[in-house]
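Residue-level structure breakdown
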Number of protein chains: 2
Amino acid sequence: MIPSIRSNIRAMAGYTPGEQPRDGAYVKLNTNENPYPPSPRVFEAIQKALTGDRLRKYPDPLGHEFRETAGRVLGVDSACILIGNGSDDVLTILTRAFVPEGGLIVSPTPSYLLYKTLAEIQGARHHVIPFTHDWRLDANQVPGAVNLSFIPNPNSPTGTLMPAESLVHWPGPLIIDEAYVDFADSNCLHLVKQSERMVVTRSLSKSYALAGIRFGFAVASPAVTAELYKVKDSYNCDVLSLAAATAALADQAHMLANRARIIATRNRLTKALRGLGFEVCDSQANFVWCRRRDCRLEPLYLELKRRKILVRYMHFEGYGEGLRISIGTEAEIDRLVEEMMRIA
Amino acid sequence: MIPSIRSNIRAMAGYTPGEQPRDGAYVKLNTNENPYPPSPRVFEAIQKALTGDRLRKYPDPLGHEFRETAGRVLGVDSACILIGNGSDDVLTILTRAFVPEGGLIVSPTPSYLLYKTLAEIQGARHHVIPFTHDWRLDANQVPGAVNLSFIPNPNSPTGTLMPAESLVHWPGPLIIDEAYVDFADSNCLHLVKQSERMVVTRSLSKSYALAGIRFGFAVASPAVTAELYKVKDSYNCDVLSLAAATAALADQAHMLANRARIIATRNRLTKALRGLGFEVCDSQANFVWCRRRDCRLEPLYLELKRRKILVRYMHFEGYGEGLRISIGTEAEIDRLVEEMMRIA
């Protein structure tokens with residue numbers, strides 16, 4: 001018998017992240033990593049921080065330098081920035097700040113599955129709102145007792161983007177999870193300035209190619225940010241990740257060049273998949289979501305895996321299945337399309 | 001008005017970590033950092049992991065390599081090891097796994113103040129049990145409804161150690177926080193094998209000189225560990241900190257040589273402070289706790305700070321004040337003692 005673990009924890013299955021094979025033999029198109037390396041400035045910054053004196057001492061708990069850089073790059077006050085050990089850490093901090101045990105979290109479906117896990121860990125209820133056929137959400141479906149809504153925008157796994165104006169009247173505190181927004185045409189940052197109910201979260205894992213170092217942040221009103229700082233672990237970001245994240249954000253040119261390559265490949269893959277008979281959403285992210293009406297997709301996922309190509313097979317209750325394919329290098333996507341043609 | 005932040009969060013002050021001055025002009029003896037650099041193998045391991053491919057990809061969410069190394073070094077099954085982004089992350093995970101909102105956390109006083117903050121964030125109650133004059137705790141003072149107890153052993157700020165056998169009959173789930181145990185004569189790891197109620201936590205910040213990279217872990221029964229993995233963020237430890245922590249733990253010779261130096265300096269400082277008229281606890285940690293009956297200590301703390309030496313001044317309700325002085329290099333401790341003699 002396990003002593004006194006909370007019943008909500010015992011009852012939950014736990015979030016399952018995408019497969020992370022420990023051998024390097026796979027073309028890995030399953031967890032939306034960037035296929036290109038981070039900025040050379042990231043390596044310089046880590047090397048500079050890599051001294052005995054920096055490693056043995058605690059890092060800056062508030063992340064001043066990162067916050068000043070992010071504030072400057074994004075055009076917001078540095079007091080609006082919360083630093084996090086990956087945007088998962090930021091989403092956890094937000095959940096703990098806004099949602100009591102027994103509270104209510106709302107998020108869309110089909111969408112990122114972590115929000116349900118965050119509700120389960122907190123002992124809160126979780127309510128899903130289905131996307132409409134044109135990938136919008138009906139704010140009238142939000143229950144009155146909501147404590148927090150999470151809306152990823154662009155959404156995963158679909159890559160679809162909702163315009164900021166459609167979210168202005170969303171009821172209650174709203175977290176707009178912009179993990180993929182650097183690949184989109186617009187963002188919702190200006191909503192934070194308009195309302196203290198709005199929080200935007202960002203990740204350095206995707207557009208800045210830093211999934212390995214774990215860094216994300218939130219942009220909120222200074223008053224909300226001050227409350228969030230009470231909830232975070234004092235030293236949640238380490239000295240090397242702070243240095244890396246600051247350098248990555250400062251090198252916008254590298255990120256934008258990288259972004260342009262990925263978007264070009266994304267558009268090419270979308271066209272190729274449509275040519276093969278898939279329905280593909282117009283993606284504003286670094287992945288595409290594709291479905292078929294004429295056959296099941298799980299066998300295709302398994303056959304690709306057998307051929308050492310990993311994509312993400314997903315099934316959502318009430319919606320159905322699909323494959324989410326991360327945008328790799330041009331050569332990786334060529335290889336994927338060739339194998340798909342052979343299998344079909 | 002801040003929208004819908006939970007009342008327990010709004011009401012709390014937030015944990016205040018020790019001062020981390022951003023200029024390097026201070027002799028820093030206030031946050032129990034190791035005065036010596038980490039193992040050279042740590043730098044090699046970070047350099048090896050510092051590739052574009054490792055940075056752009058997610059790290060191993062389960063930390064297999066670290067767990068195998070830690071299991072081997074500690075003589076426990078790797079299934080008993082939970083990896084954490086600093087031991088603060090581990091303490092947060094434990095709180096969320098064991099303590100419901102409105103639950104009860106017990107910890108001693110005078111002791112580590114973070115446990116109260118963890119209770120506040122979780123919306124739980126916090127009950128303190130005072131140490132006896134010989135630095136023991138009376139298990140009969142634990143309320144029947146306890147969800148979790150935290151006992152740091154060695155304790156901070158006193159550096160005192162309770163023998164493992166005195167904790168065997170502690171009621172309810174017990175977290176033995178062994179952040180400082182590598183500087184002590186014994187530890188409580190064997191208690192985890194005896195009872196699923198027992199969890200030991202460790203930090204790499206102190207004995208391994210890695211406060212900057214944030215790494216800690218828990219040792220618990222495999223069944224409890226499996227529940228804790230559901231609560232942690234999937235990717236809570238980054239690729240560089242995993243590499244650093246694994247290399248640090250594998251180099252026991254470096255840690256032990258470092259430990260011996262620090263213990264020698266600790267014993268010298270204890271003697272010097274007693275010679276200056278302080279009451280000093282026999283410390284089993286990398287700091288000493290000193291008090292005076294004849295005068296207030298806050299002016300001494302401030303005067304040392306003015307002279308660019310930072311120590312930690314602390315005051316505990318119902319107990320009184322004291323100075324906690326981290327063990328620095330021999331030269332740093334010489335400088336401290338000289339300045340104290342001048343001030344006195």
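Our subject is the structure listed above.
Calculation rules
Position labels on residues start from 1 in each chain and follow its written sequence. Chain letters and ligand numbers both follow the written order, the letters beginning at A and the numbers at 1. Local features are withheld for residues below a pLDDT of 70 in this predicted model, meaning they are given only at 70 or higher, and side-chain atom pairs are given and counted only at 80 or more; totals for whole chains, interfaces and linings count all residues. As a rule here, side-chain values cover all heavy atoms of the structure and leave hydrogens and water aside. Numbering of helices and strands starts at the N terminus; helices are DSSP runs of H or I of at least 4 residues and strands are runs of E of at least 2. Only C-alpha atoms enter the radius of gyration; for comparison, a globular chain is expected to reach 2.2 Å times N to the power 0.38, where N is the number of residues. Residue exposure (1.4 Å probe, protein chains only): buried if accessible area is under 20% of the type maximum, exposed if over 50%, otherwise partly exposed. We call two residues in contact whenever any of their non-hydrogen atoms come within 4.5 Å of each other. Under the convention used here, a 1.4 Å probe and the Shrake-Rupley method define accessible areas, while residue burial counts only the protein chains that appear. Counted as positive: Lys and Arg. Counted as negative: Asp and Glu. His and the chain ends are not counted at all. By convention, charge coordinates are those of NZ in Lys, CZ in Arg, CG in Asp, or CD in Glu. The copies were overlaid with a least-squares fit restricted to C-alpha atoms from residues scoring a pLDDT of at least 70 in each copy. Angles shown run from 0 to 180 degrees and are taken between the N-to-C directions of axes, each axis being a line fitted to C-alpha atoms and, for helices, limited to the stretch in contact. Should an angle fall under 35 degrees it is taken as roughly parallel, and over 145 as roughly antiparallel, whereas 65 to 115 is taken as roughly perpendicular and any remaining angle as oblique. Take the far helix as your reference; a near helix turned counterclockwise from it by less than a right angle gives a left-handed crossing, and one turned clockwise gives a right-handed crossing. Gly counts as polar in this scheme, as do all residues outside two lists: the nonpolar Ala, Val, Leu, Ile, Met, Phe, Trp, Tyr, Cys and Pro, and the charged Asp, Glu, Lys and Arg. For this analysis, a nonpolar core means a set of buried residues of the types Ala, Val, Leu, Ile, Met, Phe, Trp, Tyr and Cys, connected via side-chain atoms within 4.5 Å. Once two parts are put together, the accessible area they lose, assessed with a 1.4 Å probe and summed over both, is termed the buried area. By definition, a salt bridge exists where a carboxyl oxygen of Asp or Glu is found within 4 Å of a side-chain nitrogen of Lys or Arg. What qualifies as a polar contact is a pair of N or O atoms within 3.5 Å, subject to a donor-acceptor requirement within protein and to the restriction that residues adjacent in sequence count only when both atoms come from side chains.

Moving on, we come to the overall build of chain A. From N to C terminus, chain A includes 12 helices and 12 strands. For chain A, whose C-alpha radius of gyration is 20 Å, the value lies close to the compact-globule estimate of 20 Å for 344 residues. Dimensions of chain A, computed from C-alpha atoms along their principal axes, come out at roughly 55 × 50 × 50 Å. When the 344 residues of chain A are sorted by exposure, 62% land in the buried category. If you take every contact in chain A between residues at least 6 apart in sequence, the share linking residues at least 24 apart comes to 70%. Just so you have it, chain A exposes about 12,700 Å², and 51% of that area is on carbon and sulfur atoms. A distance of 2 Å separates the average location of the 40 positive side-chain charges in chain A from that of its 37 negative side-chain charges.

Turning next to the relation of the copies chain B and chain A. Superposing chain B onto chain A takes a rotation of 180° plus a shift of 0.0 Å along the axis, which leaves an RMSD of 0.0 Å. Accordingly, the operation relating the two chain copies is best matched by a two-fold axis. Considering only C-alpha atoms, the residue of chain B closest to the rotation axis is glutamate 101 of chain B, which sits at 3.1 Å.

We now examine the packing of helix H2 (residues 40-49) of chain B against helix H9 (residues 239-250) of chain B. Helix packing for two helices is described by the angle between their axes and how far apart those axes are. All names here are of chain B. Interaxial distance between H2 and H9 falls to 8 Å at its minimum, and their mutual angle equals 150°. It follows from the interaxial angle that H2 and H9 lie roughly antiparallel. Between H2 and H9 lies a crossing whose hand is right-handed. Across from Arg41, Val42, Ala45, Ile46 and Ala49 in H2, the residues of H9 making contact are Val239, Leu240, Ala243, Ala244, Ala247, Ala248 and Ala250. For the contact of H2 with H9, the class distribution of residues is 11 nonpolar, no polar and one charged.

Among the nonpolar cores identified, the biggest contains 164 residues, and Phe66 and Leu240 of chain A together with Phe66 and Leu240 of chain B are the most heavily contacted of them. The residues touching leucine 240 of chain B, leaving out its near neighbours within four places in the chain, are Ile46, Ile213 and Leu240 of chain A together with Ile46, Ala49, Leu50 and Leu55 of chain B.

Listed as interface residues are 76 residues of chain B and, on the opposing side, 76 residues of chain A. Surface buried jointly by chain B and chain A totals about 6,700 Å² across both partners, of which 57% is contributed by carbon and sulfur atoms. The largest share of the area that chain B buries against chain A comes from Arg56, Tyr58 and Arg96 of chain B, three residues that together contribute 12% of it. Our count for the chain B to chain A interface comes out at zero salt bridges. At the surface where chain B touches chain A, the tally comes to 36 residue pairs in polar contact (both at pLDDT 80 or more). If you list the elements that add at least two residues to the side of chain B that touches chain A, you get helix H1 (7-11), H2, helix H3 (52-56), helix H4 (64-74), helix H5 (87-98), helix H6 (114-122), helix H8 (222-231) and H9 of chain B. Across the side of chain B that touches chain A, the residue classes break down as 38 nonpolar, 17 polar and 21 charged.

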